[in-house]
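Given next are the chains, with one letter for each unit.
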Amino acid sequence: MGSVERPEPLRLGSVAPNFKADTTKGPIDFHEFIGNNWVVLFSHPEDYTPVCTTELGAFAKLEPEFARRGVKLIGLSANTIESHGGWIKDINEIAGSDLQFPIIGDKQRQVALAYDMLDHQDATNVDSKGIAFTIRSVFVIDPNKKIRTILSYPASTGRNSAEVLRIVDSLQTGDKWRVTTPINWVPGDDVIVAPPVKTEEAQKLWPDLKIIKPYLRTTPLPKEKTSAA
Ligand code: BEZ
């Protein structure tokens, strides 16, 4: 292998790399943008691409729900902010949305590269117009600036904005109550008491604790006690 410098691979728990960039809402320093909030950063390889158009409209419509949970949305597309401006008009027209969150202008792919959003076959993994099939990631970042979730989607498959919100609910609710969430959990469903919590303590904390197996202990957690309340 050659000795080309590559950034450290990002993993869950890594600090989200800082960067300065132009966005449709003005220039930002990403760590300042995060501040004391949760952030969902999601990316697109190009403007005016069909699947991405529908995704941005859906995120714009769900933005009030993210905001209620203290989550700031920020998009990225590997094009200029001037181009983004025209695209946003189309997105709002098509989705009936009012897209207000910033979209980073990442024409030079500076942020996409720093966040390892490209795959190793980037040069060839393109459509007939040369548009990359990569740069379709979602990062959920917490107020400590730690990456808590990384998702990577193919260009063929639109993301699920409700699933991203569900992940935020799981992470925020888990952090608050020392619980984890089982398959297909939605706020209001039973949760799992986190393994480090001893059963004696769990029984005091959760009077309705169910010990299905010593390693699988669940409790009801009403929706009002979750971040979706
Ligand atoms: C799309 O959003 O439809 C798309 C994304 C990347 C490449 C081609 C199409």
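The structure we're discussing is the one just above.
Residue positions are given per chain, counted from 1 along the sequence in the order it is written. In view of the model being predicted, local features appear only for residues whose pLDDT reaches at least 70, and side-chain atom pairs are presented and counted only at 80 or more, with totals across whole chains, interfaces and linings using the full set of residues.

Draft legend 1. Representation of the overall build of the protein chain in the model. A helix here means a DSSP run of H or I that spans at least four residues, while a strand means a run of E at least two residues long, and both kinds are numbered starting from the N terminus. Across its full length, the protein chain carries six helices and 11 strands. Viewed in the frame of its principal axes, the protein chain has a C-alpha envelope of about 60 × 50 × 35 Å. Every C-beta atom is placed from the backbone, and the number of other C-beta atoms within 10 Å of a residue's own sets its class: buried at 20 or more, exposed at 12 or fewer, partly exposed in between. When the 229 residues of the protein chain are sorted by exposure, 31% land in the buried category. C-beta atoms are placed from the backbone for every residue, and two residues are taken to be in contact when these atoms lie within 7 Å. The long-range share in the protein chain, meaning contacts at least 24 apart out of those at least 6 apart in sequence, stands at 65%.

Draft legend 2. Inspection of the sheet that holds strand 11 (residues 216–219) at higher detail. Pairing between two strands requires that DSSP report at least two bridges joining them. Taken together, the four strands give an open sheet; going across it, the order is 8-9-11-10, and neighbouring strands pair in antiparallel fashion. Sheet topology places strand 8 (179–180) and strand 10 (210–213) at the edges, where each strand pairs with a single neighbour. Bridge count between strand 8 and strand 9 (residues 191–193): two bridges; the pairing is antiparallel. Residue pairing across strands places Val179 opposite Val193, the latter belonging to strand 9.

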